[in-house]
Amino acid sequence: TVIANPGTEIGSYLHWGTADQIVYSGGPQGLFRVAAAGGTPEFLRATVGAQRHSFLLPDGSGVLFSLSAQGVMLLDFRTDSATLIVPGAIHPVYVATGHLLYISEEGGLFAIPFDLGSHRVSGTAVKLLDRVAAGTGLRGYSVSQRGSLVYREGVSAFTGDASVPNALPIVDLG
């Protein structure tokens, strides 16, 4: 897909989360959404100041993103409103088990139950890993559709320098 005339936004950190939508960072402006077939990008006004690494929900109902001063936010496309869902966190990813993964300001990778239909977290967050090298421009982990996790081992930018990884382990969450 070629996005014709994306405008003045930067156009980086793309996430192709559904068959028909792509969300990307426009830099400090916030996030933009465009049809996978191309066309004019739509500025998602409720995401002004969003950090990189947004994540489209698999049903296309919204997008997860981070605001550094607040935490993980969710923009609901049905209501066009953004809600804080996990304070003090960055780099959200939804996984098929019905969990939201994120990097916490206290360090480490966490999972919390997330209801895709209601867009709400529930239960208690569980720390999955202590040392995931992550920072503003570095998610530090990725999860396959089958549930395998690959991550960059090291200290997160919340607690230190995330630029020097020790290893690149792969973990099967299934």
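*Asks:* Looking at this model, I keep getting lost on the layout of surface pockets. Mind explaining?
*Replies:* Vacant regions in the atomic arrangement are exposed by a probe of water-molecule size rolled over the atoms. Counted as a void, the largest pocket has a volume near 520 Å³. Around the largest pocket, the lining is made up of 24 residues, and of these Tyr94, Val95, Ala96, Val143 and Ser144 lie nearest the centre. Elements supplying a minimum of two residues to the lining of the largest pocket: strand S5 (55–56), strand S9 (89–95), strand S10 (99–104) and strand S14 (141–143). A per-class count over the lining of the largest pocket returns 13 nonpolar, nine polar and two charged. Roughly 170 Å³ of internal volume is contained in the second largest pocket. Elements with a contribution of two residues or more to the lining of the second largest pocket: strand S7 (71–76), strand S8 (81–87) and strand S12 (120–121). Among the elements that make up the lining of the second largest pocket, the one with the highest residue count is S8 (four residues).

*Asks:* Where do I start with the sheet that holds strand S4 (residues 42–44) in this structure?
*Replies:* In a beta sheet, neighbouring strands are held together by backbone hydrogen bonds and run either parallel or antiparallel to one another. On the basis of which strands lie adjacent, the open sheet formed by four strands has the order S1-S2-S3-S4 and antiparallel pairing. With partners counted over all chains shown, the strands left at the sheet margins are strand S1 (12–15) and S4, one partner each. Here the average twist between neighbouring strands, direction ignored, is 30 degrees. Sheet analysis places S1 next to strand S2 (residues 21–25), joined by two bridges and oriented antiparallel. Within S2, the position partnered with Ser12 by the bridge is Ser25.

*Asks:* What exactly am I supposed to notice about the sheet that holds S8 here?
*Replies:* As summarised here, the arrangement of the four strands in space is S5-S6-S7-S8, forming an open sheet in which the pairing is antiparallel. The open sheet has two edge strands, S5 and S8, and neither has a second partner. Both S5 and strand S6 (residues 62–67) contribute to a ladder of two bridges, which runs antiparallel. Looking across to S6, one finds that Leu56 is bridged to Val63.

*Asks:* Just checking my understanding: could you explain the packing of aromatic side chains for this structure?
*Replies:* Here a ring pair, both rings aromatic, is described through the centre-centre distance and the interplanar angle of the planes. Overall, the coordinates contain four aromatic pairs when judged by the stated rule. Pairing Phe32 with Phe43 gives two aromatic rings, centres 5.1 Å apart and planes at 40 degrees, and the pair type is tilted. Of this pair, Phe32 sits in strand S3 (residues 31–35) while Phe43 sits in strand S4; the two residues are eleven residues apart in sequence, bridging distant segments of the chain. Residue classification places Phe32 among the buried positions, given a relative accessible area of 6%. The class of Phe43 is partly exposed, set by a relative accessible area of 25%.

*Asks:* Explain the side chain of His119 here, please?
*Replies:* Relative to the helices and strands, His119 is located in the loop between strand S11 (109–115) and S12. Taking relative accessible area as the criterion, His119 reaches 6% and is therefore assigned buried. A polar contact of 2.8 Å, which involves the side chain of His119, links it to the side chain of Ser61. Among the polar contacts made by the side chain of His119, one reaches the main-chain carbonyl oxygen of Leu116 at a distance of 3.5 Å. Once residues within four sequence positions are removed from consideration, His119 is found in contact with Leu57, Ser61, Leu74, Asp76, Arg78, Ile85 and Phe114.

Here is what the cut-offs are and how they apply
- Residues numbered from 1 in each chain as written.
- Predicted model: local features only at pLDDT ≥ 70, side-chain atom pairs only at ≥ 80, totals over all residues.
- Heavy atoms only, no water.
- 1 Å grid on protein atoms, 1.4 Å probe; cavity = no way out; pocket = protein on both sides within 12 Å on 5 of 7 lines; lining within 4 Å.
- Points joined across faces, edges and corners; volume = space filled by probe spheres on them.
- Helix = DSSP H or I, 4+ residues; strand = E, 2+ residues; numbered from the N terminus.
- Nonpolar A, V, L, I, M, F, W, Y, C, P; charged D, E, K, R; others polar.
- Pairing = 2+ DSSP bridges.
- Axes fitted to C-alpha atoms, helices over the stretch in contact; angles between N-to-C directions.
- Phe/Tyr/Trp six-rings, centres within 6.5 Å; stacked < 30°, edge-to-face > 60°.
- Buried < 20%, exposed > 50% of the residue type's maximum accessible area, 1.4 Å probe, protein only.
- Polar contact = N/O pair within 3.5 Å; in protein donor to acceptor, adjacent residues only side chain to side chain.
- Contact = heavy atoms within 4.5 Å.

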